[in-house]
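An overview of the molecular structure
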Amino acid sequence: MNIQASGEEKISVTLTKTDMTDFHITYDELDYSNIETRRIIWTILDEAKKTLGKAVNIDNRLLIQVSPAEDGGCFFEFTQLPEVADTKRRRLIMKKEAEPVLFCAFDENAFLDCYDFIKTEDISIKEYSLHLYDGEYFALIHPKIAATEKLLFSLCEFGNATISPKEQIAEILEFGKKLS
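Only a predicted model underlies this, so the values are computations on that prediction, with no experimental measurement involved.

A count of helical and extended segments in the protein gives five helices and 10 strands. Across the 180 residues in the protein, those meeting the buried criterion constitute 39%. Pairs at least 24 apart in sequence give 63% of the contacts found in the protein among residues at least 6 apart. For the protein, the accessible surface area stands at approximately 10900 Å², while carbon and sulfur atoms represent 49% of it. Taken together, the 21 basic and 32 acidic charged side chains of the protein have centroids lying 10 Å from each other.

Now the structure itself:
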């Protein structure tokens, strides 16, 4: 577990695959409504207090952002939010990053149409990369959480789009030719 202060109001924590195994949880199982997730968050915050010598004020609003790491671990960022006058609305907020979407085009023309679609449509895409692997054209797309379903539905016109296993994505990234 790597803990760093990213400013006065932020704490960044990196958990390795081993850390996740020790906590008996995976990134996909993280959910603030799950008591195990809450236990892990409080354990991380206790470790941060010991390591950094500063505690997170849980009486104020706290934004928790979580994203997956390539090694099977994950990144947490805890941000202390400004106080709100309405004390009834205070609660912890946890925001997860969307899983990447792997798109495989039917053919070259469909791949180019998909590329045009990604660049022009009003779908919240954080980043994307284009690849050629084993004679097939792929796009690895990182949508914002709310856009995942719309993106999967929209890409069906051009090929097959799925939230793929990390191993398949890693294989394409490692052995495929990057086109963009």
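Moving on from the model shown.
Right, let's get into the sheet that holds strand β8 (residues 136-143). What the five strands build is an open sheet, ordered β9-β6-β8-β7-β10; its pairing is antiparallel. One side of each edge strand has no neighbouring strand; the edge strands of this open sheet are β9 (159-162) and β10 (177-178). With respect to the sheet, helix α3 (residues 108-120) is in contact with β6 (101-105), β7 (125-133) and β8, its orientation differing from that of β7 by roughly 165 degrees. Packed onto the sheet, helix α5 (residues 166-175) meets β6, β7, β8 and β10 and runs at close to 65 degrees relative to β7.

Right, let's get into the nonpolar core. Val13, Leu15, Leu30, Ile44, Cys74, Phe76 and Phe78 are the most contacted members of the largest nonpolar core, which has 22 residues in total. At the level of secondary structure, the elements contributing two or more residues to this core comprise β2 (10-15), α1 (17-23), α2 (35-52), β3 (62-68) and β4 (74-80). Here the element with the most residues in this core is α2; it accounts for five residues. The contacts of cysteine 74, once residues within four sequence positions are left out, are Val13, Thr14, Leu15, Met20, Tyr27, Leu30, Val66, Ser67, Pro68 and Ala69.

Further remarks concern the packing of aromatic side chains. Within this structure, the stated rule accounts for four aromatic pairs. Taking the centre distance of 6.3 Å and the plane angle of 70 degrees together, the rings of tyrosine 115 and tyrosine 128 count as edge-to-face. Separated by 13 residues along the polypeptide, tyrosine 115 in helix α3 and tyrosine 128 in strand β7 bring together distant segments of the chain. Judged by relative accessible area, tyrosine 115 falls into the partly exposed class, the value being 26%. Taking relative accessible area as the criterion, tyrosine 128 reaches 29% and is therefore assigned partly exposed. When the centroid spacing of 5.7 Å and the interplanar angle of 50 degrees are considered together, the rings of phenylalanine 117 and phenylalanine 158 count as tilted. Taken together, the residues phenylalanine 117 in helix α3 and phenylalanine 158 in the loop between α4 (148-155) and β9 connect sequence positions 41 residues apart. Grouping residues by exposure puts phenylalanine 117 and phenylalanine 158 together as buried.

Scoring rules and cut-offs
Residues numbered from 1 in each chain as written. Predicted model: local features only at pLDDT ≥ 70, side-chain atom pairs only at ≥ 80, totals over all residues. Heavy atoms only, no water. Helix = DSSP H or I, 4+ residues; strand = E, 2+ residues; numbered from the N terminus. Buried < 20%, exposed > 50% of the residue type's maximum accessible area, 1.4 Å probe, protein only. Contact = heavy atoms within 4.5 Å. Areas by Shrake-Rupley, 256 points an atom, 1.4 Å probe, with all protein chains shown as cover. Lys, Arg positive; Asp, Glu negative; His and termini not counted. Charge placed at Lys NZ, Arg CZ, Asp CG, Glu CD. Pairing = 2+ DSSP bridges. Axes fitted to C-alpha atoms, helices over the stretch in contact; angles between N-to-C directions. Core = buried A, V, L, I, M, F, W, Y, C linked by side-chain atoms within 4.5 Å. Phe/Tyr/Trp six-rings, centres within 6.5 Å; stacked < 30°, edge-to-face > 60°.

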